[in-house]
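Summary of structural features
Each chain, written out:
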Amino acid sequence: MKLILAIVKPFKLDEVRDALIAVGVHGVTVSEVKGFGRQRGQTEIYRGTEYRVHFLPKVMLHIAVPDSLADRVVEAIQAAAATGRIGDGKIFVLDLMHAVRVRTGEIDEAAL
C-alpha cells in the first residue's frame with residue numbers, strides 16, 4: 001500500500017478530486033495548509049502598501065491506495081493540478097505499512 005501526499009493550489013482541488021474519482025480512488029482527506037517552496041512567498045499590495053506573504057495557502061490531500069493504483073493516482077493528480085506556473089505543488093509517495101478501518105476492523109487493502 002502507498003500513502004500519497006499531494007500539496008496543490010486550493011482552486012485546483014475540485015479538478016483533482018474529479019480526476020481521483022475517475023481513476024478509482026474511494027476516499028481522500030484534505031487539509032488546508034500554508035507553506036513555501038522555491039518561490040519563497042510572494043509580494044502583495046494592500047491599500048497601497050506592499051508587503052511580503054511568506055507562507056502561501058495550499059491544500060494537502062492524503063490518499064491511501066493499493067500499490068497497483070499508486071502510479072495512476074500520481075499521474076491523475078499531476079495532470080489535474082498543473083497550471084504550468086511556479087507553485088503548482090508537490091506529490092510525495094510513501095510506503096504504508098498497515099491500515100485498519102475503525103468501524104469494521106478490516107485491515108490493510110480491505111480497509112482502504
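Residues numbered from 1 in each chain as written. Predicted model: local features only at pLDDT ≥ 70, side-chain atom pairs only at ≥ 80, totals over all residues. Heavy atoms only, no water.

Before going further, it helps to examine the overall build of the protein. Check the secondary structure of the protein and you find two helices and six strands. Put simply, the protein has 112 residues, and 29% of those count as buried. Put simply, of all contacts in the protein between residues at least 6 apart along the chain, 70% involve residues at least 24 apart. As displayed, the protein has an accessible area near 7,600 Å², and 54% of this comes from carbon and sulfur atoms. (Helix = DSSP H or I, 4+ residues; strand = E, 2+ residues; numbered from the N terminus. Buried < 20%, exposed > 50% of the residue type's maximum accessible area, 1.4 Å probe, protein only. Contact = heavy atoms within 4.5 Å. Areas by Shrake-Rupley, 256 points an atom, 1.4 Å probe, with all protein chains shown as cover.)

With that settled, the discussion passes to the pattern of salt bridges. Under the criterion given, the structure shown has six salt bridges. Residue Lys9 is joined to Asp88 by a salt bridge in which the shortest nitrogen-to-oxygen separation is 3.7 Å. With Lys9 in the loop between strand S1 (2-8) and helix H1 (13-23) and Asp88 in the loop between helix H2 (67-81) and strand S6 (89-95), this pair connects stretches of sequence that are 79 residues apart. Accessibility classification places Lys9 together with Asp88 in one group, the buried group. Here Arg101 makes a salt bridge to Glu106, at a shortest N to O gap of 2.8 Å. Within this structure, Asp14, Arg17 and Asp18 form a network of salt bridges that share partners. (Salt bridge = Lys/Arg side-chain N within 4 Å of Asp/Glu carboxyl O.)

Residue placement: Leu96 occurs in the segment after S6. In contact with Leu96, not counting residues within four places along its chain, are Met1, Lys2, Leu3 and Ala64.

Those residues of H1 that sit buried are Val16, Ala19 and Leu20. Take H1 and look down its axis: the buried residues cluster within an arc of 100 degrees, on one side only. Turned more than 90 degrees away from the buried face of H1 sit Ile21 and Ala22, all of them exposed. Buried positions along H1 lie against strand S5 (56-65) and H2. Positioned one or two residues after H1, Gly24 has a phi angle of 105 degrees, which is positive. (Arc of directions from axis to C-beta.)

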